[in-house]
Amino acid sequence: MKIVDWLRPGMRIKRWLLLGMIGIIFISLGLALLVRKANVRPSEITLSVLLIISGCFIIFISVKFFTNTLFHAISNGGFKISLDADRLSSLLYEKRILINGPKIIAIGGGTGLSTMLRGLKEYSSNITAVVTVADDGGGSGVLRQDLGMLPPGDIRNCVLALADTEPIMQQLLQYRFTDGMLKGQSFGNLFLAAMDGISSSFEEAVRKMCDVLAVTGKVLPVTLDDVQLCAELEDGYIICGESNIGKHNDEHPGKIKRVFLEPQPTSPLQEVLDAIKEADIIVLGPGSLYTSIIPNLLVNGMCDAIRNSDALKVYVCNVMTQPGETDGYTVFDHVSAIESHSFKGIIDCCIVNTADIPDDLKKKYNDDGAEIVRLDEELLNKAGVKVITGDYISINNNFIRHNPQKLAATIVELVAENVLSKDNKRTIDYYYVKDILGKTKV
């Protein structure tokens, strides 16, 4: 809307602008009486003071009613938003806190990462999700093969987790076609594929999607290289393809010795390295150990960037073991696997769930070959890893997931006490974070 459009009949704006001009005239007249001659009579001083006070009062009334009329026009003139004074003040305060929130890097993939991001965005807008691009199964694998693009699935989930969208938009982007050639394909994947088609790179396509959906923070692929994830078992047998690793026990049982990317070398996104350098905290997981978390660490330059970063490094361990990947693994085994693919001491803290799981749900997982990840705290302490325990589970549709609110609160508490509180230049940021933690206590 142009400025002149606000002056059209019926807008109820002109009257308050006119009243404001009258206030300015009163103040001008009052000042003129005082300065037009050297000797000013008492009556003229009184009159000038009255004119100035009246002018200020009139301008106050003008601004007040002009603002109210403007808010009313925006709120009720066809815009589906509310901008009452109290809500606007609260909104600005919330945004102020988020802008000063800690710089969080979350590295991983799958549903675990996106679940955690939903909680973290309540505490900071300085979030960077670094997502693996080794997925080659499901709808992502089809698009990767047909269009030659990087797999969009994990990135789509992270974008939606950080997006400020209406529920209907969430449902639309998560909708999967049930019939025809698109059966099983997600509309969100197709959206990102179309964005990739009109962009110069996949990175730009992701950025454009984030802009359209008003994403809090950033979502970045760890690399733009077309890589394949492979696993070597303890007997030397090689499995190629991320989608085949988790189900290798059906054809060739055995424990995973290591995973690696082909072809080599791989190049990380420079924006990812920059974000790691500036981070306050780097969070690995939650997610599949060998197919979501470790693949990010295999990209050349990632481990060096993490090692050289002053950020606090935190690992969120899975609640249950994953058949075909981490059968029989303890928490220490998870940490050891990460260190063997990166470097010793990559993890400062490890967040572990110690809450009970209902027996019927535990049996359901046991029947599928999964069990609770056992905590061997003594070994972790000897390895220099601080262990944070608590109730971090959420049960949705008979599936065990991390509780995004509780997990995010713990992560933000860690960065507040271990990073922000020790930096005198960020004392205000510390109190901003503590304030919002107090308001969102879970």
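As a reminder, the structure under discussion sits directly above these lines.
Read on for a plain summary of the structure. In this text, all values refer to a predicted model and were calculated from it rather than measured experimentally.

Cut-offs and rules
Residues numbered from 1 in each chain as written. Predicted model: local features only at pLDDT ≥ 70, side-chain atom pairs only at ≥ 80, totals over all residues. Heavy atoms only, no water. Pairing = 2+ DSSP bridges. Helix = DSSP H or I, 4+ residues; strand = E, 2+ residues; numbered from the N terminus. Axes fitted to C-alpha atoms, helices over the stretch in contact; angles between N-to-C directions. Contact = heavy atoms within 4.5 Å. Parallel < 35°, antiparallel > 145°, perpendicular 65-115°, else oblique. Left-handed = near helix turned anticlockwise from the far one by under 90°. Nonpolar A, V, L, I, M, F, W, Y, C, P; charged D, E, K, R; others polar. 1 Å grid on protein atoms, 1.4 Å probe; cavity = no way out; pocket = protein on both sides within 12 Å on 5 of 7 lines; lining within 4 Å. Points joined across faces, edges and corners; volume = space filled by probe spheres on them. Phe/Tyr/Trp six-rings, centres within 6.5 Å; stacked < 30°, edge-to-face > 60°. Buried < 20%, exposed > 50% of the residue type's maximum accessible area, 1.4 Å probe, protein only. Lys NZ or Arg CZ within 6 Å of the ring centre and 35° of its normal. Expected span 1.5 Å × (residues − 1). Polar contact = N/O pair within 3.5 Å; in protein donor to acceptor, adjacent residues only side chain to side chain.

## A few points about the sheet that holds strand S5 (residues 238-240)
In space, the three strands of this open sheet follow the order S5-S4-S6, with antiparallel pairing throughout. Every other strand in the sheet has two partners, leaving S5 and strand S6 (256-262) as the edge strands with one partner each. Each adjacent strand pair in this sheet contributes to an overall mean axis angle of 25 degrees, direction not counted. Where strand S4 (residues 228-233) and S5 come together, three bridges link them in antiparallel fashion. Its bridge partner being in S5, glutamate 232 is matched across the sheet by isoleucine 238. On the sheet, helix H12 (residues 289-297) packs against S4 and S6 and is oriented at approximately 55 degrees with respect to S6.

## Considering the packing of helix H8 (residues 187-197) against helix H9 (residues 202-212)
Running from N to C, H8 and H9 cross one another at 120 degrees; their axes reach a closest spacing of 8 Å. Comparing their axes, H9 and H8 come out oblique. Handedness of the H8/H9 crossing: right-handed. Where H8 approaches H9, its residues Gly188, Phe191, Leu192, Met195 and Asp196 are matched on the opposing element by Phe202, Ala205, Val206, Lys208, Met209 and Val212. Taken together, the residues of the contact of H8 with H9 sort by class into eight nonpolar, one polar and two charged.

## Quick look at the layout of surface pockets
Size it by volume and the largest pocket reaches roughly 940 Å³. A breakdown of the residues in the lining of the largest pocket according to their chemical character gives six nonpolar, 23 polar and eight charged.

## Quick word on the packing of aromatic side chains
By the definition in use, this model includes three aromatic pairs. Measuring from centroid to centroid gives 6.3 Å for tyrosine 290 and tyrosine 329, while their planes differ by 80 degrees, and the two rings are edge-to-face. Taken together, the residues tyrosine 290 in helix H12 and tyrosine 329 in the loop between strand S8 (312-316) and helix H14 (331-340) connect sequence positions 39 residues apart. The pair tyrosine 290 / tyrosine 329 is uniform in exposure class, with both members buried. Above the ring of phenylalanine 343, the side-chain terminus of arginine 307 is found at 4.3 Å from the ring centroid. Between lysine 364 and the ring centre of tyrosine 365, over which it is positioned, the NZ or CZ distance is 4.9 Å.

## Quick notes on helix H17 (residues 404-418)
Between its first and last C-alpha, H17 extends 21 Å over 15 residues, near the 21 Å set by a 1.5 Å rise per residue. Those residues of H17 lying buried are Pro404, Leu407, Ala408, Ala409, Thr410, Ile411, Val412, Leu414, Val415 and Ala416. For H17, the N-terminal capping position is held by asparagine 403, with its side-chain oxygen 3.0 Å away from the main-chain nitrogen of glutamine 405.

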